[in-house]
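Coordinate inspection notes
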Amino acid sequence: MKYTQPKGTFDIVPKPIKEEEAWKGSSRWQYIEEIITQTASDYGFSEIRTPVFEKTDLFIRSVGGSSDIVSKEMYTFEDKAGRSMSLRPEGTAPVVRAFIENHMQQHGSHHKLYYLGPYFRYDRPQAGRFRQFHQFGVEAIGRSDPYQDAEIIDFVCEIYKRLGIQNLNVLVNSVGDKESRASYKNALIKFLTPHFDSLSKDSKERFEKNPLRILDTKDEKEIELLKKAPLLSDYLTPKCKQHFDEVLEILKGLHIPYTIAPQLVRGLDYYNMTVFEVTSNVLGAQNSIGAGGRYDGLMKDIGGQDLPSIGFATGMERILSTMQGQDCTFGKEKAPFIFFIPLGDSAKKITFESLTELRHKQVPSEMYVKSQKMQKALQEANEQNATYAVIIGEHELEKEVFQIKNLETRDSEELPLSSIVKHLYSLWENAHTENKSNALS
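What counts as what
- Residues numbered from 1 in each chain as written.
- Predicted model: local features only at pLDDT ≥ 70, side-chain atom pairs only at ≥ 80, totals over all residues.
- Heavy atoms only, no water.
- Helix = DSSP H or I, 4+ residues; strand = E, 2+ residues; numbered from the N terminus.
- Buried < 20%, exposed > 50% of the residue type's maximum accessible area, 1.4 Å probe, protein only.
- Polar contact = N/O pair within 3.5 Å; in protein donor to acceptor, adjacent residues only side chain to side chain.
- Pairing = 2+ DSSP bridges.
- Axes fitted to C-alpha atoms, helices over the stretch in contact; angles between N-to-C directions.
- Salt bridge = Lys/Arg side-chain N within 4 Å of Asp/Glu carboxyl O.
- Contact = heavy atoms within 4.5 Å.
- Core = buried A, V, L, I, M, F, W, Y, C linked by side-chain atoms within 4.5 Å.

On to unusual backbone geometry. Within the chain, asparagine 167 stands out as a residue other than glycine whose phi angle is a positive 55°. Within the fold, asparagine 167 resides in the loop between α5 (146-162) and β7 (169-174). In this structure asparagine 167 comes out as exposed when scored by relative accessible area, which is 53%. If you check the backbone angles, glutamine 362 has positive phi at about 70° while not being a glycine. Mapped onto the secondary structure, glutamine 362 falls in the loop between α12 (345-360) and β13 (365-367).

Printed below as a string of structure tokens:
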């Protein structure tokens, strides 16, 4: 029987065979994870990790029973005790649950958390959308001022900037508070009622449960219809309007170009006030690579203190696909600095001891043991992008030397075998010092 990966999932492997799947290469994932987590550290965020499954009620309560996630997309199952559990479809609700359960509010008034891991939604697989996907996200808890909103938007933009992604569009909107949305809901229902029969099945269901969700439609006819609908911005309370105006003013001061998107509401029920989305021109219909917003009130709704909060999530697969589509640089692939080539059994013992000692000194090293043929060994060293090849055979053992070959310049020399580890380690240190100098300049 041939086993294959479940539909809507994929393997991350060292070197994908197909060029169009190069984004599945593990070195590329490691590269963007390093950039993202370093950016999080620079912005003062600390990591939080939560279980990959939670009680189903957590998501119904927080995300909203009428949302697509809860009504259509969750992987839900009963455990052996008959309790309903769900694989996490998004990151905010688990983080807020963990914040409350671990009494994190006792550690100060302002909390900045980030997470990185797999999430699960049962949806039709397509470009940029998988049933198991990976997200990096942040949650800033405890501040309600517009500077906090701007910091979060700047943070996600800075990640994309450091990764070399271009042609980005920042969409922003305010969905107001409960008072604003109640007034707008009435106006939207009044506008949509004459068109009810022409609405899609999903929109008819949303009309009954949560009419504002219709603004998130993907139906082309409904998108055209909604261009004539009342604008939520016209129903914002003075407090909400002032907050949003201040956010926009701060973004201008940071030179972050943005577009006000009146129809942007996000797909989850917990959002209020500022919402935003960052899109790219590479991914087609699924063109969003990161999005988020403020969710004041969620903490209280699921049993915690009433703390203001805002966050964002960005899809790792979408970042990688966008970078590949724009021919972005992924940094150097990990490669051995020293590639040992022992020729004969006597050389293997000395070679392996030197290899192990260098690894203990954190020098990336590898040893070739497949055959006694020099050319095949050197070919393997070049394929692995090694910097130096070290050759030890019967000739070298008799003379008590080792041969070292610079694989870039092709220069080679013989040096005393007694100094092998000391000399190779000094080459590694010198290379690191040079790289640091180049980075600073």
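Now for the side chain of arginine 294. When you line up the elements, arginine 294 lands in strand β10 (residues 288-294). Polar side-chain contacts of arginine 294 include one of 3.1 Å to the backbone oxygen of arginine 143.

As a further point, take the sheet that holds strand β2 (residues 53-55). As summarised here, the arrangement of the 3 strands in space is β2-β4-β3, forming an open sheet in which the pairing is antiparallel. At either margin of the open sheet sits one strand with a lone partner, and together these are β2 and β3 (76-78). Each strand of the sheet is rotated relative to its neighbour by a mean of 35°, with strand direction disregarded. Here 3 bridges tie β3 to strand β4 (residues 84-87), and the two strands are oriented antiparallel to one another.

Under the definition given, this model contains 18 salt bridges. Arginine 294 is the salt-bridge partner of aspartate 149, the closest N and O atoms lying 2.5 Å from each other. A residue pair is termed long-range when its members are at least 10 positions apart, and aspartate 149 in helix α5 and arginine 294 in strand β10 qualify at 145 residues. Accessibility classification places aspartate 149 together with arginine 294 in one group, the buried group. When the shortest N-O distance is used, the salt bridge between arginine 294 and aspartate 296 registers 2.9 Å. One connected set of salt bridges, linked through shared partners, spans Asp42, Glu158 and Arg162.

Our next topic: the sheet that holds β10. For sheets, the rule is that strands pair by backbone hydrogen bonds, running either parallel or antiparallel. Across the sheet, which stays open at both edges, the 8 strands sit in the order β1-β5-β6-β11-β10-β9-β7-β8 with mixed pairing between neighbours. Edge positions in the sheet fall to β1 (46-47) and β8 (259-260), since each of these pairs with one other strand and no more. Here strand β9 (residues 272-279) runs beside β10; their pairing, made up of 6 bridges, is antiparallel. Paired with asparagine 272 across the bridge in β10 is arginine 294. The strands that α5 touches are β5 (111-120), β6 (132-141), β7, β9, β10 and β11 (309-315); relative to β11, the one it contacts most, it runs at about 15°.

In this structure, Ile48, Val96, Phe99, Leu113, Ile141 and Leu192 are the most contacted members of the largest nonpolar core, which totals 47 residues. Of all elements in the fold, only α2 (56-63), α4 (92-101), β5, β6, α6 (178-192), α8 (220-226), β9 and α10 (298-301) reach the threshold of two or more residues within this core. Considering each element in turn, this core owes the most residues, 6 residues, to α4. Contact partners of leucine 192, with chain neighbours within four places excluded, come to Phe207, Ile214, Leu225 and Leu226.

Across the 10 residues that make up helix α11 (residues 316-325), a large majority, 8, are buried. Every buried residue belonging to α11 is among Met316, Glu317, Arg318, Ile319, Leu320, Ser321, Thr322 and Met323, and all of these are buried. Residues of α11 that are buried make contact with α1 (26-42), β5, β6, α5, β10 and β11.

The next subject is the environment of arginine 162. By the element assignment, arginine 162 lies in helix α5. Classification of arginine 162 by relative accessible area gives partly exposed; the value is 32%. Excluding its chain neighbours within four sequence positions, the residues that come into contact with arginine 162 are Ile35, Gln38, Thr39 and Asp42. Within the structure, the side chain of arginine 162 is placed 2.8 Å from the side chain of aspartate 42, a separation counted as a polar contact.

Attention now moves to the pairing of β7. Taking burial as the measure, the 6 residues of β7 include 5 buried ones, the bulk of the element. Strand direction decides the pairing type here: β7 and β9, joined by 6 bridges, are antiparallel. In the sheet register, valine 170 faces β9, and the bridge partner there is valine 278. Of the strand pairs in this sheet, β7 and β8 are connected by 2 bridges, and their pairing is parallel. Across the sheet, residue leucine 171 finds its bridge partner in β8, namely threonine 259.

What is shown is where atoms sit, not what they do.
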